[in-house]
Amino acid sequence: MVLPRRARKKTPHRWFELQDTCAYHAEFSVPKVLWIELADRGRFAYDDTGTLAEATAFILTGAPAKYLCGILNSQLVQWFLQHSAPTSGMGALRWKKTYLLHLPIPDADPDHRQRLIRLVDRVLHAKDTDSLADTSDIETEIDHQVFTLYGLNAVETAAITP
């Protein structure tokens, strides 16, 4: 059997190579937030190891990834997406990137941003040490920081908090 030497498109690539330019490939090597499409709740993970996302996973780069990770894993974002994203029909939400792109991310001052990043660092350190570590107190603190960043009052916070 003779394998074809040309790609199926008019490109300089061989048949087994990517057919289109992959200009975003470098985005996988920077710190990023990774998540899967179907989940019962937000499961956003910080990654700085160059992990590649599979077909039903997404990545987000930009503002400091730990800052984004803290916001995206908050109860506020969970509530927002439960009210705006479709479900799978079996109870899981479709955490598609298109729904997250409509989420306004507050441009926090450096002190607030660093405070949130330090809290995320504490969760990451605890989970690196023991994947079953209880980080609920830190996560509650993150939620309060996110509520403050979005300017929610006590009544609005109570409506979101289970």
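Below is a summary of the structure that appears in this document. (Residues numbered from 1 in each chain as written. Predicted model: local features only at pLDDT ≥ 70, side-chain atom pairs only at ≥ 80, totals over all residues. Heavy atoms only, no water.)

Moving on: the pairing of strand β4 (residues 57-60). Side-chain alternation along β4 places Ala 57 and Ile 59 on one buried face and Phe 58 and Leu 60 on a second face that is also buried. By the bridge criterion, four bridges tie strand β1 (residues 32-36) to β4 in an arrangement that is antiparallel. Counted as the bridge partner of Val 33 is Leu 60 from β4. (Buried < 20%, exposed > 50% of the residue type's maximum accessible area, 1.4 Å probe, protein only. Helix = DSSP H or I, 4+ residues; strand = E, 2+ residues; numbered from the N terminus. Pairing = 2+ DSSP bridges.)

Here we come to the packing of aromatic side chains. The geometry of an aromatic ring pair comes down to the distance between the two centres and the angle between the two planes. Under the criterion given, the structure shown has three aromatic pairs. With a centroid separation of 5.7 Å and an interplanar angle of 85°, the aromatic rings of Phe 44 and Trp 95 are classed as edge-to-face. You can see Phe 44 sitting in the loop between β2 (38-39) and β3 (45-47) and its partner Trp 95 sitting in the loop between β5 (93-94) and α3 (97-100), a full 51 residues away along the chain. Cluster of aromatic residues (ring-pair linked, three or more members): Trp 35, Phe 44, Phe 58 and Trp 95. It is Arg 113 that lies over the ring of Tyr 67; its NZ or CZ is 4.5 Å from the centre. (Phe/Tyr/Trp six-rings, centres within 6.5 Å; stacked < 30°, edge-to-face > 60°. Lys NZ or Arg CZ within 6 Å of the ring centre and 35° of its normal.)

Turning our eyes to something else, we now look at the pattern of salt bridges. Evaluated as defined, the whole model comprises seven salt bridges. Note that Arg 43 is salt-bridged to Asp 40, the shortest N-O span being 2.7 Å. Among the ionic pairs, Arg 113 bridges to Asp 107, the shortest N-O distance being 3.2 Å. Each of Glu 37, Arg 94 and Lys 96 takes part in a single network of salt bridges with overlapping partners. (Salt bridge = Lys/Arg side-chain N within 4 Å of Asp/Glu carboxyl O.)

Formed by 33 residues in total, the largest nonpolar core has its most connected members in Val 33, Trp 35, Leu 72 and Ile 142. Mapped by element, the contributors of at least two residues to this core are β1, β4, α1 (65-72), α2 (75-82), α4 (110-129) and α5 (136-149). With six residues, α1 is the single largest residue contributor to this core. Not counting residues within four places of it along the chain, the set of residues in contact with Leu 72 comprises Val 33, Phe 44, Leu 60, Val 77, Leu 100 and Leu 103. (Core = buried A, V, L, I, M, F, W, Y, C linked by side-chain atoms within 4.5 Å. Contact = heavy atoms within 4.5 Å.)

With that settled, consider the sheet that holds β1. In space, the three strands of this open sheet follow the order β3-β1-β4, with antiparallel pairing throughout. The open sheet has two edge strands with one neighbour each: β3 and β4. Looking at each pair of strands side by side, their axes are set apart by 30° on average, direction ignored. Bridge count between β1 and β3: three bridges; the pairing is antiparallel. Across the sheet, Val 33 pairs through a bridge with Tyr 46, a residue of β3. (Axes fitted to C-alpha atoms, helices over the stretch in contact; angles between N-to-C directions.)

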